[in-house]
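Examination of the molecular architecture
These are the residues of each chain, in order.
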Amino acid sequence: MQDIDRLGAELRANIEAADSLEALDAARVRALGRKGAITSLMKELGALEPEERRDAGAALNALKDGIAAAVEDRRAALRDRALADRLADRGVDVTLPVRDEARGRVHPVSQTIDEIVTIFADMGFAVAEGPDIEDDFHNFTALNIPPEHPARQMHDTFYLEAERDGAPLLLRTHTSPVQIRHMRAASPPYRIIAPGRTFRRDSDMTHTPMFHQVEGLAIGRDIHMGHLKGCLEEFARVMFENDDLRMRFRPSYFPFTEPSAEVDIGCSRRDGELRIGEGDDWLEILGCGMVHPNVLENVGLDPDEWQGFAFGMGIDRIAMLKYGIPDLRAFFECDLRWLRHYGFAPFDVPTLAGGLAR
Ligand code: DAH
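Residues numbered from 1 in each chain as written. Predicted model: local features only at pLDDT ≥ 70, side-chain atom pairs only at ≥ 80, totals over all residues. Heavy atoms only, no water.

**Topic: the overall build of the protein chain**
Which entries qualify depends on this criterion: Every helix listed is a DSSP run of H or I at least four residues long, and every strand listed is a run of E at least two residues long, numbered separately from the N terminus. The size measure is the radius of gyration over C-alpha atoms, and the globule rule it meets is 2.2 Å times the number of residues to the 0.38 power. Only protein chains enter the area calculation, which uses a 1.4 Å probe; residues under 20% of their type maximum are buried, those over 50% are exposed, and those in between are partly exposed.
Secondary structure assignment for the protein chain yields 12 helices and 11 strands. For the protein chain, the C-alpha radius of gyration of 36 Å lies well beyond 21 Å, the compact-globule estimate for 358 residues. The C-alpha extent of the protein chain, read off along each of the three principal axes, is 110 × 55 × 45 Å. A burial count over the protein chain gives 41% of its 358 residues as buried.

The structure is reproduced here in structure tokens:
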């Protein structure tokens, strides 16, 4: 019995001294494992007289339970300590003041993209994406712009030195190639919008070599131009927060749509100031039309079965108009003072219910 008490004290000391989960496990095995101290004593019980065996057996069983409980207590203590250490390590002092220079702003282009996505999401459009570096097929050929087509000249394309399928890679000149990628990858019906960067060799007060567009595409079995009109009217009215916004669809030409139209919204230009939604002047905001049968065929859709509309719109100018920002070039100069002035607070997330911005 003396032995058992001494053994118990020794095993408990080992357990208390264990400083890690690994060390604790080793101490547990030394006590309770198959070749552990308690297990070995248990094996010797058989050699004792019945009287002695009963007492020693009960004592050993009590020791075994006590040691198992001590191991669990120690394990819990080690875990608590590890958690406390981790929390202390990553501690944040929430009482510290926010540093003024650390306050971020959302760029007006990002804000405008969020607004556009919010409006179209409400009409069932999903967001699609494509690469900035495109190939000739997706940017031109599949969109019904074959190699000698004059529309290629209008695009002032940046070409790369690398080639794919014998034609140079390029920086996409519009977001329309995302239409092609989506139609080739998914099966209709679908509605998507694709906001993103676009590139053209052009630079002045109103053009930057990198700019932003959003592409829209809806394909179904019986989509017609009325759907296109309704969809774009809804968009413009919510975007410019004006239920009476005047719009007109002017016949136009794009290789990838037939018929094609350009869309103008009502505005006034007085004393050099442009105001949306008043006056009797017009401002062009986007191009659109019914997807050309050749484009549908190029992506493997039967034009007798599937049809739909597409549109493309410049985002930067919409942002300038909506938020009264005069110079496009300042958009991409990363001037912090400009961003503080025209940027949005990170929590100004646009929602239809809460008003699109501010
Ligand atoms: N891709 C055209 C551009 O960059 C814009 C456009 C016009 C896109 C008509 C369309 C469309 O999808 O139907 O000028």
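**With respect to the pattern of salt bridges**
Note the cut-off: Definition used for salt bridges: Asp or Glu carboxyl oxygen within 4 Å of a side-chain nitrogen of Lys or Arg.
In total, this model carries 16 salt bridges according to the counting rule given. For Asp135, the salt bridge is made with Arg164, and the minimal N-O distance between the two is 2.8 Å. On the criterion of sequence distance, the pair formed by Asp135 in the loop between β2 (133-134) and α6 (136-139) and Arg164 in strand β3 (residues 159-164) is long-range, its members being 29 residues apart. Among the ionic pairs, Glu262 bridges to Arg250, the shortest N-O distance being 3.1 Å. Taken together, the positions of Glu262 in strand β8 (residues 257-270) and Arg250 in strand β7 (residues 247-254) put the pair 12 residues apart, joining distant regions of the chain. Given a relative accessible area of 26%, Arg250 falls into the partly exposed group. One network of salt bridges, with partners in common, ties together Arg248, Arg250, Glu262 and Asp264.

**Here's the deal with the pairing of β7**
The two faces of a sheet get side chains in turn, since along a regular strand they alternate between them. The criterion, for reference: The rule for pairing is simple: two strands pair if DSSP sees at least two bridges between them.
Examined bridge by bridge, β7 and β8 share seven bridges and lie antiparallel to one another. Along β8, the bridge assignment pairs Arg250 with Glu262. Between β7 and β8, which follow one another and run antiparallel, lie two residues.

**Brief notes about a negative patch on the surface**
What counts here: Like-charged residues within 9 Å of one another, or nonpolar side chains (Val, Leu, Ile, Met, Phe, Trp, Tyr) within 5 Å, are grouped into patches, provided each residue has over 30% relative accessible area and no salt bridge. A 1.4 Å probe and the Shrake-Rupley method give the accessible areas. Residues count as covered only by the protein chains that appear here. Charged residues are defined here as Lys and Arg on the positive side and Asp and Glu on the negative side; His and the ends of the chain fall outside this count. For the purpose of locating charges, the reference atoms are NZ of Lys, CZ of Arg, CG of Asp and CD of Glu.
Residues Glu49, Glu51, Glu52 and Asp55 make up a contiguous surface patch of negative charge. A relative accessible area of 56% means that Glu51 is categorised as exposed.

**Thoughts on the sheet that holds strand β4 (residues 167-171)**
Strands sit in the order β2-β4-β3 across an open sheet of three strands; the sheet is antiparallel. Each edge of the open sheet carries a strand with a single partner, namely β2 and β3. Direction of pairing for β3 relative to β4: antiparallel, over a ladder of three bridges. Looking at the pairing, Tyr159 lines up with Leu170 of β4.

**Here's the deal with the environment of Gly226**
Along the chain, Gly226 falls in helix α9 (residues 225-239). C-alpha separation for the pair Gly226 and Phe309, spaced 83 residues apart in sequence, amounts to 9.9 Å.

**A closer look at the site of the ligand**
Quick note on the threshold: When we say a residue is near a molecule or strand, we mean one of its heavy atoms is within 4 Å of it. For the purposes of these results, a polar contact is taken to be a pair of N or O atoms within 3.5 Å, where, inside protein, one atom must be able to donate a hydrogen and its partner to accept one; residues adjacent in sequence count only when each atom of the pair is a side-chain atom.
Within the structure, the ligand sits among 15 residues, and His174, Ser176, Arg200, Gln213 and Glu215 are positioned closest to it. At a separation of 2.9 Å, a nitrogen atom of the ligand approaches a polar side-chain atom of His174. With respect to the ligand, the side chain of Arg200 contributes an N or O atom lying 2.9 Å from an oxygen atom. Burial of the ligand by the protein chains amounts to 90% of its free accessible area of 350 Å².

**Points about the nonpolar core**
Put simply, the rule is: As used in this record, nonpolar core signifies buried Ala, Val, Leu, Ile, Met, Phe, Trp, Tyr and Cys residues forming a set joined through side-chain atoms within 4.5 Å.
Ile116, Phe120, Phe235 and Phe309 are the most contacted members of the largest nonpolar core, which has 45 residues in total. Of all the elements in the fold, those that place two or more residues in this core are α5 (108-122), β6 (210-220), α9, β8, β10 (281-291), β11 (307-314) and α11 (315-323). With 23 residues, the next largest nonpolar core counts Ala128, Leu143, Val178 and Ala194 among its residues.

**Remarks on the pairing of β4**
When β2 meets β4, the two strands line up antiparallel, connected through two bridges. When the sheet's bridge partners are listed, Glu134 is paired in β4 with Leu170. Linking β3 back to β4 in an antiparallel pair, the connection comprises two residues, with Asp165 at a positive phi of about 50 degrees.

**Examining the side chain of Thr208**
Formally: Note on contacts: a residue pair is in contact if any heavy atoms of the two residues lie within 4.5 Å.
Structurally, Thr208 can be placed in the loop between β5 (190-199) and β6. Accessibility expressed as a relative area gives 8% for Thr208, which makes it buried. Excluding anything up to four places from it in sequence, Thr208 contacts Arg200, Asp202, Leu328, Arg329 and Phe332.

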